[in-house]
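Overview (structure and organization)
Given next are the chains, with one letter for each unit.
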Amino acid sequence: MVDYRALTDQLVAKMKLEDDLRNKAYDRSWELNTALVRVQMAHEEVLSSYSYSSSTSFGDVNDDNRHLISILDKEEESLDKLFLETALSPDMYNNIVHNPSGAGDYDDAASINTIHGRAPRRGNIDAKMENYARYKAIRYYLAHNELLPPNASCFIATTNLDDDNGNETRSILTDEEYLGGACIGLCHDLAKIAVSRASNAMSDPHSTVKFVQNARDTVSNVLQELLEFDWRNSPLRRKYDSTKYALKTLETILYELSVAGVLGGHDNNNTSSLDTKEEGGGGGKPTASKRMKIDKEQIQEQSPEEKDENVEMEASAIDTYKQEMAEIKKRMDHRDKLRENLIKTSRDGQKSAKNAIFALHRGNVKNAAKLLVDCENCVLNDLLPIVKEEPTLRGGSYSNVLEEYVEGKLFYCWLHGNGGEKSDDDDKPAGKILMFDEINLPISVDEYLGGLCDLTGEIGRYAVARGTVRDKESVKVSLETSKQISLAIKMAGKLPGHINKKMNPLQQTVDKMERILYEQSLMEMAGRKFESSVENETVTNNIEDNGE
């Protein structure tokens, strides 16, 4: 029989471990957010202390500037250290695939302390890493007028390994975090800064226009590269959709500056009345030919060598950026293929587990055991290698297969035991409930709880079937098991959201079995047979389900 106390103790221990790690990640997330805000405020103070003399450089440095810059450098140093420490901390990752919490050991001992580069982060640290990439990108752009590459030194960490390979370098960002922060987030930051710069265009119209033009070209290049990606429905897809609005904002600013007479870079001492006279004519807006003439004069101020060098540097930077984006696209396309393969293969494993449950209800024990083994082989041989390569696929279809397998395995062992607890000539169920550590596959606590809750539904169906043949003892065992499971889960404390949704059906199952047992007792007392309302209701539902 089920010992709900032992079951509760193990569930509480596993859930407490997960909660502690989750809370630790959320606490670190708040630390990261605070550090980011401090750096952003220091950066804003530095920017506001300068008088802009060009699109990307600032005016002369004075004592006040030096003090603010020193503060910014210290804040950035602390920020980089905190994010690097977070990226290299195993506790910040849900690394269950490479560090299984179950009894099975599917990797060597060294893998337990190895952080997979694609392991999902706990809490909402992934959002903070994206914001970090966003800040670094805008900081780099304002200093160099270039896009920050994904292999920048601030994004690379060195990990110490105990094996013969020595040190290993890895990026602290995922491709999604880089795209969301250093690409899409940068576009929105450039649009905001352009609005702020355009508000002071009268003081320095030439540098303002040049900055907005460069920002527009940068956002246009980023958007052009993002168009090459095959996006699917995801948070990154929605962020990508918003990039075109940043480009629209920059184009609108340029248009409005042109209407105001600023476009072209007039640097007149009387900024309140820009020269709007056309050649050989009266007042009005500067013509397009005049604006082009002004731009050409500004370009002609550079020597031919400087022109060629600038063009070559810009072309080289753009080509490098395109190559890096192409590599990211290639990796993401490969992950999409893995995802499609996993979804298709998961259907086979889930189907085997479901059919095993149906076979158990029909009494076909050998076929049920074979189907459960088929499900295990599907997970270990087909699905687990994919998830090991791409741990972000750990949820969804793969998790559903594991939960279905847990349900089928628990139901099999409850009926027939896990090693001789029940004799072949005994119709009464063995009543054996496998503990978390007794499951053969590397599962999570949520998947075990989900399968345990769904088990009570199968036990309820079994109780109805045994009630129709007046097997009162089996109904008692079924009722007692469901009650013990309900008590164990309720005493476990805080439950995951989707498990709470299963608690009402669990209680309804218990109520139905109590009704069956009550009606059987009435039948015994009356000494006659009569039909159970619960049995009739269940039979009708089964007929309707089969008809569908």
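Every value quoted in this text rests on a predicted model; they were computed, and no experiment measured them.

Take the overall build of the chain next. Per the secondary structure count, the chain includes 15 helices and 2 strands. Buried residues in the chain amount to 44% of all 548 residues. Put simply, 72% of the contacts in the chain that link residues at least 6 apart link residues at least 24 apart. About 28700 Å² of surface is accessible on the chain, with carbon and sulfur atoms providing 47% of the total.

Before going further, it helps to spend a moment on the pattern of salt bridges. In this structure the tally under the stated criterion is 34 salt bridges. The shortest N-O distance in the salt bridge between D20 and K16 comes to 3.0 Å. Taken together, the positions of D20 and K16, both in helix α1 (residues 4-49) and 4 residues apart, correspond to about one turn of that helix. Residue classification places D20 among the partly exposed residues on the basis of a relative accessible area of 38%. K24 is paired through a salt bridge with D91; the nearest N and O atoms lie 2.8 Å apart. Residue K24 is located in helix α1, and its partner D91 is located in the loop between α2 (63-87) and α3 (125-144); the two are separated by 67 residues in the primary sequence. Residues participating in the shared-partner salt-bridge network are R118, D175, E176, R331, R335 and E390.

Right, let's talk about the packing of aromatic side chains for a bit. Evaluated as defined, the whole model comprises 7 aromatic pairs. Pairing Y132 with F155 gives two aromatic rings, centres 6.3 Å apart and planes at 70°, and the pair type is edge-to-face. Here Y132 is found in helix α3, whereas its partner F155 is found in the loop between α3 and β1 (156-160), with 23 residues between them in sequence. This pair shows no difference in class: Y132 is buried, exactly as F155 is. Seen in terms of ring centroids, F411 and W414 are 6.4 Å apart; in terms of plane orientation they differ by 15°. Their pairing is stacked. Within this pair, F411 and its partner W414 are both found in helix α11 (residues 397-416), separated by 3 residues, close to a single helical turn. The exposure class of W414 is buried, given its relative accessible area of 0%. One aromatic cluster is present, built from ring pairs that chain together F83, Y132 and F155.

A few words now on the packing of helix α10 (residues 365-389) against α11. Running from N to C, α10 and α11 cross one another at 150°; their axes reach a closest spacing of 11 Å. Judged by the inter-axis angle, α10 sits roughly antiparallel to α11. Here α10 runs over α11; the crossing is left-handed. In contact with V365, A369, L372, C375, E376, V379, L383, L384 and V387 of α10, α11 contributes Y398, V401, L402, Y405, G408, K409, Y412 and H416. Looking at the contact of α10 with α11 residue by residue, the class counts come to 13 nonpolar, 2 polar and 2 charged.

A few words now on the side chain of K409. Residue position: K409 is located in helix α11. With sequence-adjacent residues up to four places away left out, K409 is seen in contact with L372, E376, L434 and N440.

Attention shifts here to a nonpolar patch on the surface. Taken together, Y518, L522 and M525 make up a surface patch of nonpolar side chains, about 330 Å² in accessible area. If you trace the backbone, L522 turns up in helix α14 (residues 497-526). Residue L522 is classed as partly exposed on the basis of its relative accessible area of 31%.

Time to look at the environment of K490. Along the polypeptide, K490 turns up in helix α13 (residues 472-491). Along the chain, K490 and T8 lie 482 residues apart, while their C-alpha atoms are 8.7 Å from each other.

Positionally, K502 belongs in helix α14. Assessed through its relative accessible area of 19%, K502 is described here as buried. At 3.0 Å, the side chain of K502 and the side chain of D454 are in polar contact. Setting aside residues up to four positions removed in sequence, K502 forms contacts with E403, G450, C453 and D454.

Our focus in this paragraph is the nonpolar core. Counting residues in hydrophobic clusters, the biggest one holds 68 residues, and the most contacted among them are Y178, L179, L226 and M325. Mapped onto this core, the elements with two or more residues apiece are α1, α2, α3, α4 (175-199), α5 (205-226), α6 (235-241), α7 (243-259) and α9 (304-362). Broken down by element, the residue count for this core peaks at 11 residues, all from α4. Beyond its immediate sequence surroundings of up to four residues, Y178 is in contact with L148, P149, P150, F155, C183, Y321, M325 and I328. In this structure, L384, V406, A488 and L517 belong to the second largest nonpolar core, which totals 64 residues.

Okay, the confidence of the model for the chain next. With 76% of its residues at a pLDDT of at least 70, the chain reaches an overall mean of 80. Counting contacts from residues 52-59, a segment whose pLDDT is below 50, to residues more than four positions away or on other chains yields 24 contacts. Of the regions scoring below 50 in pLDDT, residues 101-112 engages in 20 contacts with residues more than four places distant in sequence or in other chains.

Let us now look at the environment of I172. Within the secondary structure layout, I172 lies in the loop between β2 (167-171) and α4. Its relative accessible area of 2% is what places I172 among the buried residues. Taking the C-alpha atoms as reference points, I172 and A87, separated by 85 residues in sequence, lie 5.6 Å from one another. Look past the residues within four positions of I172 in its chain and what remains in contact with it is L84, A87, R121, M129, Y132, C154, F155, A157 and E177.

In this model α11 runs 29 Å from its N-terminal to its C-terminal C-alpha over 20 residues, within 8% of the 28 Å that 1.5 Å per residue would give. Most of α11 sits inside the fold, with 17 of its 20 residues counted as buried.

Attention shifts here to unusual backbone geometry. A negative phi holds for most residues other than glycine; trans holds for most peptide bonds. Not every positive phi belongs to a glycine, and N145 is a case in point at roughly 60°. Note on placement: N145 falls in the loop between α3 and β1. Positioned with a positive phi, R470 is a non-glycine residue whose angle comes to about 60°. Residue position: R470 is located in the loop between α12 (445-468) and α13.

Thresholds, definitions, all that
Residues numbered from 1 in each chain as written. Predicted model: local features only at pLDDT ≥ 70, side-chain atom pairs only at ≥ 80, totals over all residues. Heavy atoms only, no water. Helix = DSSP H or I, 4+ residues; strand = E, 2+ residues; numbered from the N terminus. Buried < 20%, exposed > 50% of the residue type's maximum accessible area, 1.4 Å probe, protein only. Contact = heavy atoms within 4.5 Å. Areas by Shrake-Rupley, 256 points an atom, 1.4 Å probe, with all protein chains shown as cover. Salt bridge = Lys/Arg side-chain N within 4 Å of Asp/Glu carboxyl O. Phe/Tyr/Trp six-rings, centres within 6.5 Å; stacked < 30°, edge-to-face > 60°. Axes fitted to C-alpha atoms, helices over the stretch in contact; angles between N-to-C directions. Parallel < 35°, antiparallel > 145°, perpendicular 65-115°, else oblique. Left-handed = near helix turned anticlockwise from the far one by under 90°. Nonpolar A, V, L, I, M, F, W, Y, C, P; charged D, E, K, R; others polar. Patch = residues over 30% accessible without salt bridge, like charges linked within 9 Å, V, L, I, M, F, W, Y side chains within 5 Å. Polar contact = N/O pair within 3.5 Å; in protein donor to acceptor, adjacent residues only side chain to side chain. Core = buried A, V, L, I, M, F, W, Y, C linked by side-chain atoms within 4.5 Å. pLDDT = per-residue confidence, 0-100. Expected span 1.5 Å × (residues − 1).

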